[in-house]
Amino acid sequence: MYNFSKRPRRLRTTPAIRDLVRETHVRMSDFIAPVFFEDGAGIKSEIPSMPGYFRYSPDTLMDEIQELWNLGIRSVLLFAKVKDELKDNEGTEALNTNGLMQRVIRMVKDKFPEIYLMTDIALDPFSSFGHDGIVKDQKIVNDATVEVLAQMALSHARAGADCVAPSDMMDGRIAVIRNTLEEARFHDVAILAYSAKYASCFYGPFRDALDSAPGFGDKKTYQMDPANAIESLKESALDIEEGADMVMVKPAGAYLDIIYRVKQISEVPVVAYQVSGEYAMIKAAAEKGWVNNDQAIMESVIAIKRAGADLIASYFIKEIARILHTEKA
Ligand code: PBG
């Protein structure tokens with residue numbers, strides 16, 4: 001009989017040895033919690049395409065953030081749903097000092113001074129066209145949009161944001177936002193750049209959550225072609241050069257190779273965004289009993305970390321907290 005000297009299965013024989021040799025771990029401080037809110041009071045409304053995920057009013061959002069904080073979550077990423085009548089092509093409401101976003105930033109910082117507060121920078125929730133930039137002759141104009149984004153970032157910094165996260169994919173916006181923040185002496189306000197953001201169908205449920213689907217066309221003239229990998233290196237390198245403190249790959253699950261490649265060249269932390277459609281797919285399959293909810297969640301986030309992500313933005317955050325907690329018990 002053949003004498004096996006190498007048997008990889010030896011290190012898989014018991015839970016103890018499997019734990020000892022596990023290469024990848026997730027912990028609560030790996031995660032950023034995206035949160036959705038709208039104006040009003042007493043609201044906790046479930047997003048139909050994101051079962052188990054909710055949009056809050058400012059008051060109920062504070063309770064939710066308290067719960068997240070108690071679970072060990074140290075960072076939130078804010079997304080505002082804006083009333084239709086406040087939307088226009090230039091995203092004017094995005095700069096309103098007393099706008100919903102600015103008010104919520106102040107409330108969160110007031111109640112949770114220690115939380116790391118990130119905000120989304122893009123025009124789509126504020127745009128009558130549902131596009132991330134200003135529309136002219138059916139085109140999304142780059143440079144004029146960048147000016148508005150920089151002012152938007154400044155207004156979030158003034159309200160108390162620790163980090164602004166431009167998700168718009170306009171060229172040159174990181175440089176202009178950085179300059180604007182520096183000139184206003186917001187030296188410590190960081191930029192998380194959505195650097196490799198793909199034109200993905202997996203954002204569908206998010207657009208339901210914020211009522212921000214594009215009114216015409218698609219986002220392919222600014223978001224990346226899912227078929228391209230090398231371009232993600234160019235985008236990330238540019239954003240780092242322009243002053244990004246962290247870069248992001250988005251979506252995550254279908255782009256693990258991109259996470260891996262960006263991590264190889266990045267001198268800053270790499271964030272992966274497990275987006276709304278990734279959440280919806282697991283939830284839908286789990287509801288049907290076709291995959292195990294908890295196992296699918298953990299396998300998906302472990303894979304994202306294994307690929308090289310330093311941080312993960314995920315809608316599963318509370319479920320992950322529950323799962324990690326019961327594992328320990
Ligand atoms: C908007 C924005 C989107 C997401 C984050 N910021 C949607 C889009 O680009 O259309 C997607 C998040 C998700 O799907 O979970 N700039």
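Above: the structure in question.
Draft legend 1. Geometry of the environment of Leu-192. Among the secondary structure elements, Leu-192 is positioned in strand S9 (residues 190–197). By relative accessible area, Leu-192 is classed as buried at 0%. It is 5.7 Å that separates the C-alpha atoms of Leu-192 and Val-247, two residues lying 55 residues apart in sequence. Beyond its immediate chain neighbours, meaning those up to four positions away, Leu-192 contacts Met-118, Cys-163, Val-164, Ala-165, Pro-166, Met-246, Val-247, Met-248 and Val-271.

Draft legend 2. Representation of the packing of helix H7 (residues 230–242) against helix H8 (residues 256–265) in the model. It is at 10 Å that the axes of H7 and H8 come closest, and there the two elements cross at 40 degrees. Judged by the inter-axis angle, H7 sits oblique to H8. Judged by the sense of rotation from one axis to the other, the crossing of H7 with H8 is right-handed. Between H7, through Ile-230, Ser-232, Leu-233, Ser-236 and Ala-237, and H8, the contact on the second element is made entirely by Ile-258, Arg-261, Val-262 and Ile-265. Per-class residue counts for the contact of H7 with H8 are 6 nonpolar, 2 polar and 1 charged.

Draft legend 3. Just the site of the ligand, in detail. As a structural note, the neighbourhood of the ligand is formed by 18 residues, with Lys-197, Arg-207, Lys-219, Lys-250 and Tyr-315 the closest of them. Interatomic distance of 3.2 Å between a side-chain N/O atom of Asp-124 and a nitrogen atom of the ligand. Out of a free accessible area of 400 Å², the ligand has 100% covered by protein chains. Placement of the ligand is best described as lying within the largest cavity. Of the residues that constitute the shell around the ligand, the class distribution is 8 nonpolar, 3 polar and 7 charged.

Definitions and limits used
Residues numbered from 1 in each chain as written. Predicted model: local features only at pLDDT ≥ 70, side-chain atom pairs only at ≥ 80, totals over all residues. Heavy atoms only, no water. Helix = DSSP H or I, 4+ residues; strand = E, 2+ residues; numbered from the N terminus. Buried < 20%, exposed > 50% of the residue type's maximum accessible area, 1.4 Å probe, protein only. Contact = heavy atoms within 4.5 Å. Axes fitted to C-alpha atoms, helices over the stretch in contact; angles between N-to-C directions. Parallel < 35°, antiparallel > 145°, perpendicular 65-115°, else oblique. Left-handed = near helix turned anticlockwise from the far one by under 90°. Nonpolar A, V, L, I, M, F, W, Y, C, P; charged D, E, K, R; others polar. Near = heavy atom within 4 Å. Polar contact = N/O pair within 3.5 Å; in protein donor to acceptor, adjacent residues only side chain to side chain. Areas by Shrake-Rupley, 256 points an atom, 1.4 Å probe, with all protein chains shown as cover. 1 Å grid on protein atoms, 1.4 Å probe; cavity = no way out; pocket = protein on both sides within 12 Å on 5 of 7 lines; lining within 4 Å. Sits in = over half its atoms within 2 Å of the grid points.

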